[in-house]
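Observations on the model geometry
This is what each chain is made of:
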Amino acid sequence: MALPSTVSSPSFKSTPPYLSAFNPKPLHLPATYRSINRRSCKHLSFRCSSSSFSEKHHNNANPPKSDDLVELPLFPLPLVLFPGATIPLQIFEFRYRVMMQTLLQSDLRFGVVYSDAVSGSAAGIGCVGEIVKHERLVDDRFFLICKGQERFRVTDLVRTKPYLVAKVTWLEDRPSGEENLDELANEVEVLMKEVIRLSNRLNGKPDKESQDLRKNQFPTPFSFFVGSTFEGAPMEQQALLELEDTAARLKRERETLRNTLNYLTAASAVKDVFPSQP
């Protein structure tokens with residue numbers, strides 16, 4: 001479901017940072033392919049303390065363990081991929097065309113790590129992207145649809161040419177103890193629905209019947225889904241991806257949604273007083 005965009009009231013000087021977390025095109029349902037040119041990748045530094053997965057990582061009966069150490073091709077991107085989310089990519093830089101040609105003959109999976117274009121640094125925690133659909137063009141460019149799988153932590157770089165390959169370990173959420181995760185997830189869903197309702201109102205769209213945003217998801221995958229909708233705030237998304245506690249992730253998302261809702265409520269009130277304002 002694409003979340004509706006929000007609008008800034010003329011009475012506010014600027015949109016607060018947390019409002020930018022909601023974007024009409026979340027990662028899991030983008031409208032167009034992303035064209036990524038990573039010529040600066042050779043200058044990347046990792047914030048962290050042709051290879052492929054072994055066969056056991058493709059077998060559901062043998063899920064990856066947090067202490068497994070494997071080599072993984074890395075693709076630094078200016079975005080954050082979450083488990084369960086999908087992203088379309090257009091691959092045209094030579095090194096990544098080489099990487100894709102290798103992957104299409106092996107296990108179809110690579111690591112997506114968030115890269116800050118300004119600082120040139122890459123996050124030490126990322127998410128595996130599995131190629132679920134691809135199209136190879138005559139000039140060796142690729143159109144890809146990738147789905148997020150398990151998270152990983154970069155422990156060491158193996159090589160940088162022709163593309164990055166790193167040793168990684170798997171990252172999983174710890175048990176949340178006495179926390180009522182279902183209750184937290186339900187609170188987050190209610191807030192999301194209210195944000196959507198007010199966003200529609202501010203954009204002059206008709207109110208729609210509330211939809212089931214959780215869709216019977218367990219709290220952990222639902223927390224990743226919520227994080228994937230915060231597309232306009234990659235640093236916040238990265239912080240959510242790195243959390244190893246579902247309860248902590250849901251609480252942080254709840255706070256962001258509450259702040260967003262407060263802003264939208266104020267903006268809606270201003271619009272009621274000044275209905276002719278753009």
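What you see is a predicted model, and the numbers here were worked out from it, not measured in a lab.

So, about the pattern of salt bridges. Tallied over the entire structure, the rule returns 15 salt bridges. One salt bridge connects Arg95 with Glu93, and the closest N-O pair in it is separated by 3.4 Å. By the burial criterion, Arg95 is buried, and Glu93 matches it. Of the charged contacts in the structure, one is a salt bridge between Lys193 and Glu189, with a shortest N-O distance of 3.9 Å. Of this pair, Lys193 and Glu189 are both found in helix H2 (residues 181-202), 4 residues apart, which corresponds to roughly one turn of the helix. One connected set of salt bridges, linked through shared partners, spans Arg151, Asp173 and Arg249.

Per-residue confidence for the protein chain gives a mean pLDDT of 78, with 73% of residues at or over 70. Every residue in residues 1-43 is under pLDDT 50, and counting partners more than four places away or in other chains gives 127 contacts. In the predicted structure, residues 48-61 sits below a pLDDT of 50 and forms 32 contacts with residues beyond four places in sequence or in another chain.

In total, this model carries 4 aromatic pairs according to the counting rule given. The interplanar angle of 45° and the centroid separation of 6.4 Å between the aromatic rings of Phe82 and Phe224 together place this pair among those described as tilted. Residue Phe82 is located in the loop between strand S3 (69-77) and strand S4 (86-91), and its partner Phe224 is located in helix H3 (residues 219-228); the two are separated by 142 residues in the primary sequence. As far as burial versus exposure is concerned, Phe82 and Phe224 are alike and both buried. Ring pairing ties together the aromatic residues Phe75, Tyr96 and Phe110, which thus form one cluster. For the cation-ring pair, Arg159 lies above Tyr163, with the distance from its terminal atom to the ring centre recorded as 5.4 Å. Positioned above the aromatic ring of Phe222 is the side chain of Arg214, whose terminal nitrogen or guanidinium carbon lies 5.7 Å from the ring centre.

Closest axis-to-axis distance for the H2/H3 pair is 10 Å, and the angle between their directions is 30°. Here H2 is positioned roughly parallel relative to H3, judged by the angle of their axes. H2 and H3 meet at a crossing whose hand is left-handed. Touching Leu181, Asp182, Ala185, Val188, Glu189 and Met192 of H2 are Pro219, Phe222, Phe225 and Val226, all from H3.

Our next topic: the side chain of Glu189. Classification of Glu189 by relative accessible area gives buried; the value is 10%. In contact with Glu189, other than residues within four places in its own chain, are Gln211, Asp212, Leu213, Arg214 and Phe222.

Between its first and last C-alpha atoms H2 spans 32 Å; for 22 residues at 1.5 Å apiece the expected length is 32 Å, and the two agree. Residues of H2 that are buried: Leu184, Ala185, Val188, Glu189, Leu191, Met192, Val195, Ile196, Leu198, Ser199, Asn200 and Leu202. Its side-chain oxygen 3.4 Å from the backbone nitrogen of Asp182, Asn180 forms the N-cap of H2. Directly beyond the C-terminal end of H2, a positive phi value near 70° is found at Gly204.

One can find Asp182 in helix H2. The exposure class assigned to Asp182 is partly exposed, which follows from its relative accessible area of 43%. With 65 residues separating them along the chain, Asp182 and Ala247 place their C-alpha atoms 9.6 Å apart. Ignoring anything within four residues of it in the chain, the contact list for Asp182 reads Arg214 and Pro219. Side chain to side chain, Asp182 and Arg214 meet in a polar contact 3.1 Å long.

Turning to empty space enclosed by the protein, a few remarks are in order. The computed volume of the largest cavity comes to approximately 30 Å³. If you trace the largest cavity, you find it lined by Leu79, Val80, Leu81, Val112, Val113, Tyr114, Ile125, Gly126, Cys127, Gln238 and Leu241. Breaking the lining of the largest cavity down by element, the ones donating at least two residues are strand S5 (109-114), strand S7 (125-136) and helix H4 (234-242). A per-class count over the lining of the largest cavity returns 9 nonpolar, 2 polar and no charged.

Rules used in this analysis
Residues numbered from 1 in each chain as written. Predicted model: local features only at pLDDT ≥ 70, side-chain atom pairs only at ≥ 80, totals over all residues. Heavy atoms only, no water. Salt bridge = Lys/Arg side-chain N within 4 Å of Asp/Glu carboxyl O. Buried < 20%, exposed > 50% of the residue type's maximum accessible area, 1.4 Å probe, protein only. Helix = DSSP H or I, 4+ residues; strand = E, 2+ residues; numbered from the N terminus. pLDDT = per-residue confidence, 0-100. Contact = heavy atoms within 4.5 Å. Phe/Tyr/Trp six-rings, centres within 6.5 Å; stacked < 30°, edge-to-face > 60°. Lys NZ or Arg CZ within 6 Å of the ring centre and 35° of its normal. Axes fitted to C-alpha atoms, helices over the stretch in contact; angles between N-to-C directions. Parallel < 35°, antiparallel > 145°, perpendicular 65-115°, else oblique. Left-handed = near helix turned anticlockwise from the far one by under 90°. Expected span 1.5 Å × (residues − 1). Polar contact = N/O pair within 3.5 Å; in protein donor to acceptor, adjacent residues only side chain to side chain. 1 Å grid on protein atoms, 1.4 Å probe; cavity = no way out; pocket = protein on both sides within 12 Å on 5 of 7 lines; lining within 4 Å. Points joined across faces, edges and corners; volume = space filled by probe spheres on them. Nonpolar A, V, L, I, M, F, W, Y, C, P; charged D, E, K, R; others polar.

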